[in-house]
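Inside the fold
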Amino acid sequence: MAKTKESKLEEEIERFMNKRGIWQLARYQAQSNQNGLPDRLYLYKGYLLGLELKTDEGEPTKLQLRKIDEINNNGGIGLIVRNVETVEKLISFLN
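Residues numbered from 1 in each chain as written. Predicted model: local features only at pLDDT ≥ 70, side-chain atom pairs only at ≥ 80, totals over all residues. Heavy atoms only, no water.

Looking now at the environment of Trp23. Here Trp23 is to be found in strand E1 (residues 23-27). Owing to a relative accessible area of 54%, Trp23 belongs among the exposed residues under this scheme. Taking the C-alpha atoms as reference, Trp23 lies 8.8 Å from Leu41; in sequence the two are 18 residues apart. Among all residues touching Trp23, those that are not within four sequence positions of it are Leu41, Tyr42 and Leu43. (Helix = DSSP H or I, 4+ residues; strand = E, 2+ residues; numbered from the N terminus. Buried < 20%, exposed > 50% of the residue type's maximum accessible area, 1.4 Å probe, protein only. Contact = heavy atoms within 4.5 Å.)

Structure, rendered in structure tokens:
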């Protein structure tokens, strides 16, 4: 089975985070009790990182955007991520 662009992106980000020992709290797939939560939740230097992974053609839903806003409004960092470079820049900024 061929990998989707989003699953390739997911693997790249997971490798990057694992190499740096960044603790992954959860990996979510759409379920009724978790609708809108970012695909990946990490804890790094006291920050909750909520990463919603989207390929170039994918767009976040209104609910996903609202969850990202809730994370940001509560001291975490919520982002729409389209490439691993965005995550690299985020981690570099937090160092």
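To continue, consider the side chain of Glu52. Locating Glu52 in the fold gives a position in strand E3 (residues 47-53). Of the polar contacts made by the side chain of Glu52, one reaches the side chain of Gln64; its length is 3.1 Å. Once you skip the residues sitting within four places of it in the chain, Glu52 turns out to touch Leu37, Pro38, Asp39, Gln64, Ile68, Leu79, Ile80 and Val81. (Polar contact = N/O pair within 3.5 Å; in protein donor to acceptor, adjacent residues only side chain to side chain.)

Its 12 residues place the ends of helix H2 (residues 62-73) 16 Å apart at the C-alpha level, agreeing with the 16 Å of an ideal helix rising 1.5 Å per residue. Those residues of H2 that are buried are in contact with strand E2 (40-44), E3 and strand E4 (77-81). Directly after H2, the chain includes Gly75, whose backbone phi takes a positive value near 90 degrees. (Expected span 1.5 Å × (residues − 1).)

Of all the residues in helix H3 (residues 84-94), the buried ones are Val84, Val87, Leu90, Ile91 and Leu94. The buried residues of H3 occupy an angular sector of 120 degrees when the element is viewed end-on, so they sit on one face. Facing away from the buried surface of H3 by more than 90 degrees, the exposed residues are Lys89, Ser92 and Phe93. Of the surrounding secondary structure, the elements contacted by the buried residues of H3 are helix H1 (5-19), E2, E3 and E4. At the N-terminal boundary of H3, the capping side chain belongs to Asn83, with an oxygen 3.3 Å from the backbone nitrogen of Glu85. (Arc of directions from axis to C-beta.)

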